[in-house]
Amino acid sequence: MEYLGELILIAVGAALINNFVLIYFVGICPFIGVSQRVDMAFGMGCAVTFVMSIAGMLSWAMTYYILRPAAPLATWVYNAFGGSGPSDLSILNYLVYIFVIASSVQLVEMYLRKFLPSLYKSFGVFLPLITTNCAILFACLMILKYIVGAETPAEMWGPGEALTLSVFAGIGFTIAIVIMAGIREELDLCDVPRPLRGAGITLLVSGILAMAFMGFAGVDKNLEAWLQTIVK
């Protein structure tokens, strides 16, 4: 039950309290560029969630077994070829994460081109640009933080925590971009001042949304206290 409570806190935190787009301001490029229509925004959110989930799990496996200091698989290979002591391939973190993200995006692109060509065409250039979506790289770095930065092995994140963060961070991205798309569809019917049309009004609305999401601050503390009462 305690482990489930931890996953719930990670999920709520990634989707609402610490929304990647509106709190950390990562993934702004697709958030602004693909939020003209709700259907296209929802499709982009689903694609980002899928890519983030795959990239998060692969980055956890690569970090835990190969990249982190004293990683078991890398240390075994290093010692098998005559080395001594633990290995440390953490210098390759960014390179490996970018490769993993690019591979995941390629899988999504091939799937959409084959089975959902209309959605693939509507994404345009923004679909391959998921490769450079810093929200996905940010999720991988968050997972790295809770693996390498853990003070004890018991505090180190496992695949459950990594998958929960990745999936719900993608869901949080989807929530943010769909809300933004709904507002922008309504703005098309409004008399927006000429200097603010386009990116100007979009950034203003994004700032207001970010302040609205700040209202979720502290929810995790109350939720954690409530979960502790259930465990007891």
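Everything numeric in this text was worked out from a predicted model, so none of it was measured.

### So, the pattern of salt bridges
Considering all chains together, one arrives at 2 salt bridges under this definition. One salt bridge connects Arg37 with Asp39, and the closest N-O pair in it is separated by 3.3 Å. A salt bridge links Arg113 to Glu109, with the nearest nitrogen and oxygen atoms 3.5 Å apart. Taken as a pair, Arg113 and Glu109 lie in helix α5 (residues 93-115) at a separation of 4 residues, close to a single helical turn. The class of Arg113 is partly exposed, set by a relative accessible area of 48%.

### Points about unusual backbone geometry
In this model, Phe25 sits at a positive phi of 60 degrees, which is unusual for a non-glycine residue. Of note, Phe25 is situated in the loop between α1 (2-17) and α2 (28-33).

### So, the nonpolar core
In terms of nonpolar packing, the biggest core is built from 56 residues, with Phe20, Leu22, Phe31, Met44, Ile130, Ile136 and Leu165 touching the most fellow members. Elements with a minimum of two residues in this core: α1, α2, α3 (38-67), α5, α7 (134-148), α8 (159-187) and α9 (199-213). Leaving out residues up to four positions away in the same chain, Met44 has contacts with Val34, Phe123, Phe126, Leu127, Ile130, Phe173 and Ile177.

### Topic: the packing of α8 against α9
Contact pair α8 / α9: the axes reach a minimum separation of 11 Å and the direction vectors enclose 135 degrees. Classed by the angle they form, the pair α8 and α9 counts as oblique. α9 is crossed by α8, and the crossing has right-handed handedness. In this structure, α8 contributes Ile175, Ile179, Met180, Ile183, Arg184 and Leu187 to the contact, and α9 contributes Ile201, Thr202, Val205, Ser206, Leu209 and Phe213. Here the residues of the contact of α8 with α9 are counted per class, giving 9 nonpolar, 2 polar and 1 charged.

### Brief notes about the layout of surface pockets
In this structure, the largest pocket occupies an estimated 780 Å³ of space. As for the largest pocket, its lining consists of 30 residues, and the residues nearest its centre are Glu6, Leu9, Ile10, Tyr146 and Trp157. Looking at the lining of the largest pocket, the elements with two or more residues in it are α1, α7, α8 and α10 (219-231). The biggest single contributor to the lining of the largest pocket is α1, with 8 residues. Looking at the lining of the largest pocket, its residues break down into 16 nonpolar, 5 polar and 9 charged.

### A word on the packing of aromatic side chains
Taken as a whole and assessed by the stated rule, the structure comprises 9 aromatic pairs. Seen in terms of ring centroids, Tyr24 and Phe138 are 4.9 Å apart; in terms of plane orientation they differ by 45 degrees. Their pairing is tilted. With Tyr24 in the loop between α1 and α2 and Phe138 in helix α7, the pair connects residues that are 114 residues apart, well separated along the chain. The exposure class of Tyr24 is partly exposed, given its relative accessible area of 34%. Summarising the aromatic geometry, the rings of Phe213 and Phe216 are spaced 5.5 Å apart at their centres and angled 65 degrees between planes, so their arrangement reads as edge-to-face.

Calculation criteria
- Residues numbered from 1 in each chain as written.
- Predicted model: local features only at pLDDT ≥ 70, side-chain atom pairs only at ≥ 80, totals over all residues.
- Heavy atoms only, no water.
- Salt bridge = Lys/Arg side-chain N within 4 Å of Asp/Glu carboxyl O.
- Helix = DSSP H or I, 4+ residues; strand = E, 2+ residues; numbered from the N terminus.
- Buried < 20%, exposed > 50% of the residue type's maximum accessible area, 1.4 Å probe, protein only.
- Core = buried A, V, L, I, M, F, W, Y, C linked by side-chain atoms within 4.5 Å.
- Contact = heavy atoms within 4.5 Å.
- Axes fitted to C-alpha atoms, helices over the stretch in contact; angles between N-to-C directions.
- Parallel < 35°, antiparallel > 145°, perpendicular 65-115°, else oblique.
- Left-handed = near helix turned anticlockwise from the far one by under 90°.
- Nonpolar A, V, L, I, M, F, W, Y, C, P; charged D, E, K, R; others polar.
- 1 Å grid on protein atoms, 1.4 Å probe; cavity = no way out; pocket = protein on both sides within 12 Å on 5 of 7 lines; lining within 4 Å.
- Points joined across faces, edges and corners; volume = space filled by probe spheres on them.
- Phe/Tyr/Trp six-rings, centres within 6.5 Å; stacked < 30°, edge-to-face > 60°.

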